[in-house]
Structures are given as structure tokens and as C-alpha cells.
Amino acid sequence: MTQATDERAATVSVPEQVRPGPPVEPAAATPGAGATAPRRPRLLVLDGLRLGAAVMVVAYHLVGDKLGAWQDPSAAAAFGPLHTVSRYGFLGVQLFFIISGFVICMSAWGRRVGDFFVSRVVRLYPAYWFAVLLATGVLLLVPLKKRPEVRDVLANLTMMQDFLGVAHLDLSYWTLTIEMVFYLLFAVLVARGLSYRGVVTFCALWTVASLVVPKFGNTWLTAVVAANHSSYFIAGVALYLIHRFGPNLLLWSIVGLSLLVALTRLPGLARAREVGFLPSAVIVTFFVVVMAAVALGHFGWVRWSWVGTAGALTYPLYLVHQTVGLAVIERAQTHLSPWLLLGALFAGLLLAAWLIHRFIERPVARWMKPRLSAAVRQAREAG
């Protein structure tokens, strides 16, 4: 999950009035020579939804996961109803993917592919590099699994460890591989210049590829098209088109088909997590309905500035919560009551996320962005 957005990602323009038929795109929708998209009011509801998704995932790993670190008493015995509800928290990743489809399409509109590349690198890597080093230190001190070797750390620092055949130091990192696939596929479209017809075609082709490619039985190709997760991104992309150009039957059909594909694939995921399919389907459907309401502009009343700050913490919180959280539970559960330990741990993770955002993520991004942008401009001029 990244689920990951940059400072401009949670921004939105007022939906344009469109006539029946194919939407007419404004001139500013196509990248011009040196043109940059104007800064728009921040869509704070997306920050709130990202925070909710992150809390769901944290609750799942620390309380709901059957492989959690709680021993005596077990998480089920210690937390009762909270454990039961938290077992469905893994679905926060699906919400992250829908938001990512919406936000990446929004933030990439009007950008060149080099600018898109820079925005993703400076948003994803600073906090991630720190999280990898932190996870390495934690796993050396509290070996929850095999102690990491130098090769493991180096591969994880690239964020390409899945493609290198190296295990994730923190199991939460698997979603970043899926996000990376989406970015690479979408970057091809960005290079051509985003347009309504182009994005709709992208959604259609990705849907077809996700349905057809798994039939060949090639796991590598299936991973390349992110077949098991693509429908969530596609729904998010289509919902952004609804937000930008207005609703029509074609776009709602893309959203509806994506939801049906997601629900069709959900039983296997529910069985793997040992939860019910029907509650899982209701939760995923609710996510799409809420994002549809966002697309239609029904959350413009969300104006609390603290929501934006909380949303900025979701990425570092997601990166560090599992390895650090489980290690703390492993060492401290015999010294504190379960509820006190859980409350203190969650507060500590939020504090750690703020510190990473404030003193790692933002300063490093500020240092990296102008230098990467200059390198991209130089390559563009040389080419």
C-alpha cells in the first residue's frame, strides 16, 4: 500500500461541466513545453481515508493476525471483540490501492514522465530507506525470523527485492512492489500525455490483461500486470476521471466491472486470512462507494487541517509498524497488560511516524527533488 502520495497528490480541481458524450478536455490537460499544473486546493478527505486504511492494517498485524506475537494470553483472549474486528484490517491495503489509482492519475495529469518519476522517487524512497535500516537493526536485536544478511539489506534498499528474488525485511513491503508495477505501467501513459481517451483505454487494456494473462500459468507475467490487484487501481483511476470530467455510463461501467472482478477474487484472500467472504465483500464494496462519493464531490466539507497532518504520517507508519510493533510485543508482553501495551505501542508508532516524516522524509525529499529534477532536465535537453 502504498497504498503513497506527494504534496500535490491530494489536490483536486473543481469538476468541469461536460456535455453528453465524450468529455472535452481543457488545453491544460496535456503537458506543454515546460508547463506545470497549477496548485489546487487540497482534497483532505483522501488523507483521512489513508489514515483509516493505515489504522486498519496496523490493527490487523498487531491484534488480528493469526501469526501475531501475542502468546499468553493470546490476542483473541486479550482483546476479544477488537481482535474479531481487526481480523478484517488487512483489507485496508485494498483501500490504499483504490486511493492510489485516484491520486496518481490526479497528480500525474499535466506532468511529463520525468517529473512523474521525480515525484515518485522523492515521495517513496527517503522514508523507505530509513525504514529498511530500522527494520534491519530491530531484526538483529530481536530476531523474529532469519537474521538479515548484507545481501538482504542491499536488495531491500532498492525496493525491487521481489524481482531480485530476495525476501522482504518487513512483510508489509510487498504492497510497494504492487505500487511500483502500477507506477511503471502508468508511466508509459504519462509519457504519451494523459488524456481522457488514453486513460480509459489504459483501464480497458489493463483489465483485459489482468483477466487473460493468468490463464497462461506464468507467475512472472501475472506479477508484471499485478493481475490479482489491478482492479482496485483501475477503479480508482476511473473514479478520478469521474471527478475530473463528470460521470457517465462508460466510467461507471469501468468502476462496476472492477468491483465485480475484485469481489470474484476475494474468496481466496478471505480464506487465506481465515475470515468470512461476505463481511470482506461488504467492506470492499463500502470502500468503492465512499470513493465514489469523493469523486462526486460529496466530501468538500472536510476542511480540518489536522487531517492533512495525520495523512502525512500514514506512509512512515505503514513502513515501520509491523517489524517494530511485533518486536516490542515480543519483548514487552510479559511486563505490561495487553491493553496498556497496545495503547502505548500505537502512540509510540504514531510518534515514530511523525519523527520520520519531520526529520527524514521532508528534509531528504527537499534535498533530492531539485537535484533529480535538474538531472531529468539535462537528460531531456541532451536527448
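Residues numbered from 1 in each chain as written. Predicted model: local features only at pLDDT ≥ 70, side-chain atom pairs only at ≥ 80, totals over all residues. Heavy atoms only, no water.

**Things to note about the overall build of the chain**
Then step 1. A count of helical and extended segments in the chain gives 16 helices and 0 strands.
Then step 2. Counting the 383 residues in the chain, one finds 53% classified as buried.
Then step 3. Total accessible area on the chain stands at roughly 17,500 Å², and carbon and sulfur atoms take up 69% of it. (Helix = DSSP H or I, 4+ residues; strand = E, 2+ residues; numbered from the N terminus. Buried < 20%, exposed > 50% of the residue type's maximum accessible area, 1.4 Å probe, protein only. Areas by Shrake-Rupley, 256 points an atom, 1.4 Å probe, with all protein chains shown as cover.)

**Concerning helix H6 (residues 150-158)**
Each turn of an α-helix holds 3.6 residues, which means side chains three or four residues apart point in the same direction.
Then step 1. Every buried residue belonging to H6 is among Asp152, Val153, Ala155 and Asn156, and all of these are buried.
Then step 2. Lining the buried residues of H6 we find helix H5 (113-141) and helix H7 (161-164).
Then step 3. Immediately beyond the C-terminal end of H6, within one or two residues, lies methionine 159, with a positive phi of roughly 70 degrees. (Contact = heavy atoms within 4.5 Å.)

**Comments concerning the nonpolar core**
Then step 1. Ranked by internal contacts, the top residues of the largest apolar core, which has 121 residues, are Leu46, Phe102, Phe186 and Met291.
Then step 2. Tallying contributions element by element places H5 first for this core, with 13 residues.
Then step 3. Among all residues touching phenylalanine 102, those that are not within four sequence positions of it are Leu43, Leu46, Gly236, Val237, Leu239, Tyr240, His243, Met291, Val294 and Ala295. (Core = buried A, V, L, I, M, F, W, Y, C linked by side-chain atoms within 4.5 Å.)

**Quick look at the environment of valine 181**
Then step 1. In this fold, valine 181 is placed in helix H8 (residues 174-192).
Then step 2. Valine 181 sits in the buried class, given a relative accessible area of 6%.
Then step 3. Sequence separation of valine 181 and valine 224 is 43 residues, and the distance between their C-alpha atoms is 6.6 Å.
Then step 4. The residues touching valine 181, leaving out its near neighbours within four places in the chain, are Phe163, Ala223, Val224, Val225 and Ala226.

**Section: the side chain of serine 210**
Then step 1. Take serine 210: it is sitting in helix H9 (residues 196-212).
Then step 2. Residues within four places of serine 210 in sequence aside, it is in contact with Val225, Ala227, Ser230 and Arg265.

**Overview of the layout of surface pockets**
Then step 1. A volume near 830 Å³ is recorded for the largest pocket.
Then step 2. In terms of lining residues, the largest pocket is bounded by 36 residues, among which Tyr60, His61, Asp65, Leu171 and Gln322 are the most central.
Then step 3. Contributing elements (two or more residues each) for the lining of the largest pocket: helix H1 (44-64), helix H4 (92-108), helix H11 (230-245), helix H12 (249-273) and helix H15 (314-332).
Then step 4. No other element matches the 6 residues that H12 contributes to the lining of the largest pocket. (1 Å grid on protein atoms, 1.4 Å probe; cavity = no way out; pocket = protein on both sides within 12 Å on 5 of 7 lines; lining within 4 Å. Points joined across faces, edges and corners; volume = space filled by probe spheres on them.)

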